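# Structural characterization, general
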Amino acid sequence: QRLRAAVHYTVGCLCQEVEEDKDVQFSKQSIAAISEITFRQCEIFAKDLEMFARHAKRTTVTTEDVKLLARRSNSLLKYITQKSEELASSNMELKEKKKKKSSVAKEERTPGEQEAAVTENEDSNMA
């Protein structure tokens, strides 16, 4: 119910923006109809994404599943692909920063601290 209300609110906000930009009016009934259609389509998308992942014998929906879902809309597929690549590159940058920080931290440790860290890593690997 809360999700449906959130969709209705968001559709209402979007309709207000369109009203201002295009000088048109949306009735409350038309906003409600758009909201309902949007909510139902999102339910269909969610089920399709779940089925794509299940078909691939996975329990997690991936970006490839989302791209497959968007394949019929070239502009949407292009947008999703672009955003996916941006996220992947930013994730790689974050990983590189973490590696640099951890290597700098290792270099700054005293020999006794380094030995304790190695022992701790070995203990966690044994578990």
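Before reading on, note that the structure itself is shown above.
In this report, we go over the structure that sits alongside the text. Just so we're clear, the structure is a prediction, and the values are computed from it rather than from any experiment. Residue positions are given per chain, counting from 1 as you read along its sequence in written order. This being a predicted model, a pLDDT of at least 70 is required before a residue's local features are given, and a value of 80 or more before pairs of side-chain atoms are given or counted; all residues contribute to the totals for chains, interfaces and linings. Side-chain figures throughout are based on the complete set of non-hydrogen atoms in the structure, without hydrogens or water.

A separate point is the overall build of the chain. Labels follow the DSSP assignment, with helices taken as runs of H or I lasting at least four residues and strands as runs of E lasting at least two, numbered in each case from the N terminus. If you tally the helices and strands in the chain, you get 5 helices and 0 strands. When the helices and strands of the chain are read in sequence order from the N terminus, they spell out α-α-α-α-α. Only protein chains enter the accessibility calculation, which uses a 1.4 Å probe. A residue is then buried if its area is under 20% of the maximum for its type, exposed if over 50%, and partly exposed in between. Counting the 127 residues in the chain, one finds 13% classified as buried. Any two residues whose heavy atoms approach within 4.5 Å at even a single point are treated as in contact. Excluding contacts between residues fewer than 6 apart, the proportion of contacts in the chain whose partners are at least 24 apart in sequence is 22%. Total accessible area on the chain is roughly 11000 Å²; 56% of this is exposed by carbon and sulfur atoms. Methods summary: accessible areas were calculated by the Shrake-Rupley approach with a probe of 1.4 Å, and residue burial reflects only the protein chains presented.

Like-charged residues within 9 Å of one another, or nonpolar side chains (Val, Leu, Ile, Met, Phe, Trp, Tyr) within 5 Å, are grouped into patches, provided each residue has over 30% relative accessible area and no salt bridge. Any carboxyl oxygen of Asp or Glu that lies within 4 Å of a side-chain nitrogen of Lys or Arg is treated as forming a salt bridge with it. Note that His is not counted, nor are the chain ends; the positive residues are Lys and Arg, and the negative ones are Asp and Glu. We put the charge of a Lys on NZ, of an Arg on CZ, of an Asp on CG and of a Glu on CD. Side chains of Lys 95, Lys 97, Lys 98, Lys 99, Lys 100 and Lys 101 sit close together on the surface and give a patch of like positive charge. In this fold, Lys 95 is placed in helix α4 (residues 74-108).

Next up on the list: the environment of Met 51. Along the chain, Met 51 falls in helix α2 (residues 28-55). Along the chain, Met 51 and Asp 65 lie 14 residues apart, while their C-alpha atoms are 9.3 Å from each other.

In this section: the packing of helix α1 (residues 2-22) against α2. Put simply, α1 and α2 touch, their axes get as near as 9 Å, and they point 125° apart. Of the possible angle classes, the one that applies to α1 and α2 is oblique. With respect to the hand of their crossing, α1 and α2 are arranged in right-handed fashion. Seen from α1, the contacting residues are Leu 3, Arg 4, Val 7, His 8, Val 11, Gly 12 and Cys 15; seen from α2, they are Ile 31, Ala 32, Ile 34, Ser 35, Glu 36, Thr 38 and Phe 39. Axes here mean lines fitted to C-alpha atoms, for a helix over just the part in contact, with angles spanning 0 to 180 degrees between N-to-C directions. The scheme is simple: roughly parallel for angles under 35 degrees, roughly antiparallel for over 145, roughly perpendicular for 65 to 115, oblique for anything else. The hand of a helix crossing depends on one turn: near helix anticlockwise from the far one by less than a right angle means left-handed, and clockwise means right-handed.

Turning to the side chain of Glu 19, a few remarks are in order. Mapped onto the elements of the fold, Glu 19 is located in helix α1. Those residues in contact with Glu 19, other than ones at most four positions away along the chain, are Val 24, Gln 25 and Phe 26.

The subject of this paragraph is the environment of His 8. Within the element layout of this structure, His 8 appears in helix α1. Classification of His 8 as partly exposed rests on a relative accessible area of 36%. Considered as a pair, His 8 and Ile 31 are 23 residues apart in the sequence and their alpha carbons are 7.6 Å apart. In contact with His 8, not counting residues within four places along its chain, are Ile 31, Ala 32 and Ser 35.

To continue, consider α2. Helix span, as expected, comes to 1.5 Å for every residue beyond the first. If you check α2, its first and last C-alpha atoms are 41 Å apart, about what 28 residues at 1.5 Å a residue would give, namely 40 Å. Ile 31, Ser 35, Phe 39, Leu 49 and Ala 53 are the residues of α2 that are buried. Taken together, the buried residues of α2 touch α1 and α3 (63-69). Where α2 ends, the next residue or the one after it, Lys 57, has phi of about 60°, a positive value.

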